[in-house]
Amino acid sequence: MNPIIALLKEHNISDEKINEVFQALTENPMMAMSIIGQLGIAPEKLQQLMAMVMQNPALIKEATEELGLDFAKVQEAQSKLNQ
């Protein structure tokens, strides 16, 4: 299991909410950050999650594929953010 998904499940985040987070990542990464902030994850665990993503961005790709989402949309959203 992808470590991002595993960390979310460890905090009793429902599959539905996990899908919502990654769906938001594919459409609007800023919205995804807002959703993640509302999950009630302890700040130190949230920091661990963000560090995991920053050190290994491929984890997002793995997670989206594991959830059956389109990673190309994540890349497209990120490129729009960088403009």
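Structural data are supplied above this passage.
Residues numbered from 1 in each chain as written. Predicted model: local features only at pLDDT ≥ 70, side-chain atom pairs only at ≥ 80, totals over all residues. Heavy atoms only, no water.

J.: Help me out: how do you make sense of the overall build of the protein chain in this one?
T.: For the protein chain, the helix and strand inventory stands at 6 helices and 0 strands. Along the protein chain, from the amino end to the carboxyl end, the secondary structure elements read α-α-α-α-α-α. What you see for the protein chain is a C-alpha radius of gyration of 12 Å, in line with the 12 Å of a compact globule of 83 residues. Taking the principal axes of the C-alpha coordinates as reference, the protein chain spans close to 30 × 25 × 20 Å. Classification of the 83 residues of the protein chain by burial places 35% in the buried group. Taking the intrachain contacts of the protein chain between residues at least 6 apart in sequence as the baseline, contacts between residues at least 24 apart amount to 62%. (Helix = DSSP H or I, 4+ residues; strand = E, 2+ residues; numbered from the N terminus. Rg over C-alpha atoms; globule rule 2.2 N^0.38 Å. Buried < 20%, exposed > 50% of the residue type's maximum accessible area, 1.4 Å probe, protein only. Contact = heavy atoms within 4.5 Å.)

J.: Just to check I follow, could you spell out the environment of Glu27 for this structure?
T.: Mapping Glu27 onto the fold places it in helix H2 (residues 15–27). As a C-alpha pair, Glu27 and Leu67 span 40 residues in sequence and 15 Å in three-dimensional space.

J.: Is there a simple way to explain the packing of helix H1 (residues 3–10) against helix H5 (residues 58–66) in this structure?
T.: Between two packed helices, both the angle of their axes relative to each other and the distance between the axes serve to describe the pair. The geometry of H1 relative to H5 is characterised by a closest axis approach of 8 Å and an angle of 70° between their N-to-C directions. Here H1 lies roughly perpendicular to H5, going by the angle between them. Every residue of H5 that contacts H1 at Pro3, Ile4 and Ile5 is listed here: Leu59, Ile60, Ala63 and Glu66. The residue makeup of the contact of H1 with H5, split by class, is 6 nonpolar, no polar and 1 charged. (Axes fitted to C-alpha atoms, helices over the stretch in contact; angles between N-to-C directions. Parallel < 35°, antiparallel > 145°, perpendicular 65-115°, else oblique. Nonpolar A, V, L, I, M, F, W, Y, C, P; charged D, E, K, R; others polar.)

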